[in-house]
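Structural overview for review
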2 protein chains.
Amino acid sequence: MAKRRTDGLSKEVIVQAAAAILDDGGEAALTFRALTARLSTGYGAIYHHVANKSDLLAAATDAVIARVMGDAVVGADPREALRTVSLGLFDAIDAHPWVGAQLSREPWRPALLEIYERIGGLLAALDVPEQTVFDAAGALVNYVLGVAGQNAANARLLDGDPADRSAFLGDIAARWASLDPEQYPFVHRAATRLRDHDDREQFLAGVDIFLAGIATLR
Amino acid sequence: MAKRRTDGLSKEVIVQAAAAILDDGGEAALTFRALTARLSTGYGAIYHHVANKSDLLAAATDAVIARVMGDAVVGADPREALRTVSLGLFDAIDAHPWVGAQLSREPWRPALLEIYERIGGLLAALDVPEQTVFDAAGALVNYVLGVAGQNAANARLLDGDPADRSAFLGDIAARWASLDPEQYPFVHRAATRLRDHDDREQFLAGVDIFLAGIATLR
DNA sequence: ACCTGAACACCGTTCAAGT
DNA sequence: ACCTGAACACCGTTCAAGT
């Protein structure tokens, strides 16, 4: 029926196909049935190269992160490099929302190791004392992945249409604005800011707060 | 066959049962079949009170967070209160790991609103300037949920046995220590710290870095 | 209004059989 | 060694029928 593929399968080919399906249709779209169809092959062929679905997701995540971390950030001072690397991760998770969820699922995987090494190394270059640099690295990595993941969840929801995004934010802003100011004073005030805030800018503002806090440790 | 329940079902009863199943067996254990068995009822009965599985998960999450946020933190100065609230969230997500994943999945839900209100209100009490308090709140909330979620992923993995935890950390530490120090200098050094670090302490250290950074905004 | 449970349209994964 | 695809043991969700 379906024509059989002539070239051999490999884990890399499978992982690339999985990433393409994930980018196209989100996590729900990645099924072994969709994969066999896309690769013109059978289940067993895939299981021959990949242990299971969770292995597949992890490998796809590692590939995306390795690509981002591979973009060298040379020459710049550590503070600027930290901003660049953080923003690179933010943008990568924005482009591949499934990466955000996966990173917090299997934290001992190569992807997170690369991230820790890069961010920790840059913090060490900032002359943060040895006994606190590990706390600082943990905090910064978690901040970056936390915001990026949250942002990705929104992006996934809105599916890329900027009109959707504006309507969605307007909707939430209206809901927040209609809350009782006595009971929700902060969120009530925040509503007016929500509509026209820039996610990337807010993300960078958070990184800067972090770096300012770290500077006090010196 | 199964005896039919005599008292009426309600969304609250269903949500409580779902939370109990989630605490017991993790996200994979929550199925409608397990729920009908535990509640001695049928699928339709549950769908009569709950829109679908995602609604059920969200409602269970809202209930947990509302309980944590309900614990008033009065009298203390804002800085101390922020530490207390952050730690309360950390501990709640540690005890109910499924909450962590859920919070980043549907961020417009009541649970996250409560968290923003509480943390934002305390930051405002710290005299953070109005134009930056929203950035600061976003950053702190994301840090707290990011670390808590990561920690919960580990906890889920280890399933509560402290011996497992020690062995697991020892395993990762050994793997990190065996990495090439040329290629992974930071992670290589971090390995020695990993074995005996305290997650809660490291979490609080991060909160403090944050608060120090926010103080520079004043 | 509230509940029952068979049935439907899916999943991930296995495995005997093929090349 | 690598691949095929029927089959198995599950899912979430629906809906005609009952009380």
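Residues numbered from 1 in each chain as written. Chains lettered and ligands numbered in written order. Predicted model: local features only at pLDDT ≥ 70, side-chain atom pairs only at ≥ 80, totals over all residues. Heavy atoms only, no water.

Named according to an unreviewed UniProt entry, chain A is TetR family transcriptional regulator originating from Amycolatopsis rifamycinica.

**Thoughts on the overall build of chain A**
To be explicit about the condition: A run of H or I in DSSP becomes a helix once it reaches four residues, and a run of E becomes a strand once it reaches two; helices and strands are each numbered from the N terminus. Note on classification: 1.4 Å probe, protein chains only; a residue is buried when its accessible area is under 20% of the maximum for its type, exposed when over 50%, partly exposed between these limits. Between two residues, a contact is recorded if the distance between any of their heavy atoms is within 4.5 Å. In these tables, accessible area is a Shrake-Rupley quantity obtained with a 1.4 Å probe, and a residue counts as shielded only by the protein chains included in the view. The charged-residue count follows a simple rule in which Lys and Arg add positive charge and Asp and Glu add negative charge, with His and chain termini not counted at all. For the purpose of locating charges, the reference atoms are NZ of Lys, CZ of Arg, CG of Asp and CD of Glu.
When its secondary structure is counted, chain A shows 11 helices and 0 strands. In chain A, the succession of helices and strands from N to C terminus is α-α-α-α-α-α-α-α-α-α-α. In terms of overall dimensions, chain A has C-alpha extents of about 65 × 50 × 30 Å along its principal axes. Taken over 218 residues, chain A has a buried fraction of 46%. A fraction of 68% describes how many contacts in chain A between residues 6 or more apart in sequence connect residues 24 or more apart. Roughly 10200 Å² of accessible area belongs to chain A as shown, and the carbon and sulfur atoms make up 53% of that amount. For chain A, the centre of its 21 positive side-chain charges and the centre of its 29 negative side-chain charges are spaced 6 Å apart.

**What about the interface of chain A and chain B?**
Applicable threshold: Put simply, buried area is the surface a 1.4 Å probe can reach on two separate parts but cannot reach once they are joined, added for both. A carboxyl oxygen of Asp or Glu within 4 Å of a side-chain nitrogen of Lys or Arg is what we treat as a salt bridge. Nitrogen and oxygen atoms within 3.5 Å of one another constitute a polar contact, given that in protein one can donate a hydrogen and the other can accept it, and given that sequence-neighbouring residues count only through two side-chain atoms.
On the side of chain B, 54 residues touch chain A, which itself brings 54 residues to the contact. Where chain A abuts chain B, roughly 4400 Å² becomes buried across the two surfaces, and 68% of that area is made up of carbon and sulfur atoms. The largest per-residue losses of area from chain A upon contact with chain B belong to F134, F186 and I209 of chain A, which jointly make up 17% of the total buried on that side. The tally of links from chain A across to chain B stands at 2 salt bridges. The partner of E130 of chain B in a salt bridge is R189 of chain A, with the nearest N and O atoms 2.8 Å apart. At the surface where chain A touches chain B, the tally comes to 10 residue pairs in polar contact (both at pLDDT 80 or more). When residues in the side of chain A that touches chain B are grouped by element, the largest group, 18 residues, is from helix 8 (residues 130-158) of chain A.

**Thoughts on the pattern of salt bridges**
Applying the stated rule across the entire model yields 16 salt bridges over all chains. Ionic pairing is found between R175 of chain A and D171 of chain A, a salt bridge with its closest N-O pair at 3.5 Å. One end of the pair is R175 of chain A and the other is D171 of chain A, both in helix 9 (residues 162-177) and 4 residues apart, which spans about a single turn. A relative accessible area of 43% places D171 of chain A in the partly exposed class. The salt bridge partner of D55 of chain B is K11 of chain B, with a shortest N-O separation of 3.4 Å. Residue D55 of chain B is found in helix 4 (residues 53-70), and its partner K11 of chain B is found in helix 1 (residues 11-25); the two are separated by 44 residues along the sequence.

**Let's talk about the protein's contact with DNA strand C**
Test applied: We define proximity as follows: a residue is near a molecule or strand when any one of its heavy atoms falls within 4 Å of that partner. Just so you know the grouping, Ala, Val, Leu, Ile, Met, Phe, Trp, Tyr, Cys and Pro go in nonpolar, Asp, Glu, Lys and Arg go in charged, and all remaining residues, Gly too, go in polar.
What surrounds DNA strand C is a group of 20 residues, the closest being Y47 and K53 of chain A together with T41, G42 and H49 of chain B. The contact atoms of DNA strand C, taken as those within 4 Å of the protein, divide so that sugar and phosphate hold 55%. Within the contact set of DNA strand C, a phosphate oxygen lies 2.8 Å away from a side-chain nitrogen or oxygen of Y47 of chain A. K53 of chain A is positioned such that a nitrogen or oxygen atom in its side chain is 2.7 Å from a phosphate oxygen of DNA strand C. Those elements that place two or more of their residues in the surface near DNA strand C are helix 2 (32-39) and helix 3 (43-49) of chain A together with helix 3 (43-49) of chain B. Looking at the surface near DNA strand C, the element that brings in the most residues is helix 3 of chain B, giving 5 residues. By residue class, the composition of the surface near DNA strand C is 7 nonpolar, 10 polar and 3 charged.

**Quick word on the UniProt feature "domain: HTH tetR-type" (unreviewed entry) in chain A**
Put simply, the rule reads: UniProt positions are given in the numbering used here, feature names are shortened, and annotations may be inferred rather than shown by experiment.
The positions UniProt marks with the feature "domain: HTH tetR-type" (unreviewed entry) are residues 8-68 of chain A. Between the end C-alpha atoms of residues 8-68 of chain A the distance is 28 Å, and the span holds 75% helix and 0% strand.

**Some words on the packing of helix 8 (residues 130-158) of chain B against helix 11 (residues 199-215) of chain B**
Residues and elements named next belong to chain B. We apply this condition: Interaxial angle, 0 to 180 degrees, is taken between N-to-C directions of lines fitted to C-alpha atoms, where a helix line uses only the stretch in contact. When an angle is under 35 degrees it counts as roughly parallel; over 145 it counts as roughly antiparallel; between 65 and 115 it counts as roughly perpendicular; any other value is oblique.
The N-to-C vectors of helix 8 and helix 11 enclose an angle of 170°; their axes lie 11 Å apart at closest approach. Classified by the angle between their axes, helix 8 and helix 11 sit roughly antiparallel to one another. Residue-level contacts link A136, A139, L140, Y143, V144, V147 and N151 of helix 8 to D199, Q202, F203, G206, V207, F210 and I214 of helix 11. For the contact of helix 8 with helix 11, the residue count by class is 10 nonpolar, 3 polar and 1 charged.

**Points about the relation of the copies chain A and chain B**
The condition that has to hold: For this overlay, a least-squares fit was computed on C-alpha atoms, restricted to residues scoring pLDDT of at least 70 in both copies.
Screw-axis analysis of chain A against chain B gives a translation of 0.0 Å along the axis, an RMSD of 0.0 Å, and a rotation angle of 180°. Accordingly, the operation relating the two chain copies is best matched by a two-fold axis. Minimal C-alpha distance to the rotation axis in chain A is attained by G213 of chain A, lying at 1.7 Å. Here 100% of the interface residues in chain A have copies in chain B that are interface residues too; the copies meet face to matching face.

**Some points on the protein's contact with DNA strand D**
For DNA strand D, the set of nearby residues contains 20 residues, the closest of which are T41, G42 and H49 of chain A together with Y47 and K53 of chain B. Those atoms of DNA strand D that come within 4 Å of the protein belong to sugar or phosphate at a rate of 55%. Within the backbone of G42 of chain A, one N or O atom sits 2.7 Å away from a phosphate oxygen of DNA strand D. The separation between a base nitrogen of DNA strand D and a polar side-chain atom of R33 of chain B is 2.8 Å. Listed by contribution, the elements that provide at least two residues to the surface near DNA strand D are helix 3 of chain A together with helix 2 (32-39) and helix 3 of chain B. In terms of residues, the surface near DNA strand D owes the most to one element, helix 3 of chain A, which gives 5 residues. Looking at side-chain class alone, the surface near DNA strand D contains 7 nonpolar, 10 polar and 3 charged residues.

**With respect to the packing of aromatic side chains**
Between two aromatic rings, the relevant description is the distance of the centres plus the angle of the planes. Going by this rule: Working definition: rings of Phe, Tyr and Trp (its six-membered ring) pair if their centres are within 6.5 Å, and the pair is stacked with planes under 30 degrees apart, edge-to-face with planes over 60 apart, and tilted otherwise.
Under the definition given, this model contains 15 aromatic pairs over all chains. Taking 6.2 Å as the distance between ring centres and 65° as the angle between the ring planes, the aromatic pair formed by F210 of chain A and Y143 of chain B counts as edge-to-face. Within this pair, whereas F210 of chain A is found in helix 11 (residues 199-215), its partner Y143 of chain B is found in helix 8, the two belonging to separate chains. Each member of the pair, F210 of chain A as well as Y143 of chain B, carries the same accessibility label: buried. Feature note: the residues F90, Y143, F203 and F210 of chain A together with F90, Y143, F203 and F210 of chain B constitute an aromatic cluster, connected by ring pairs.

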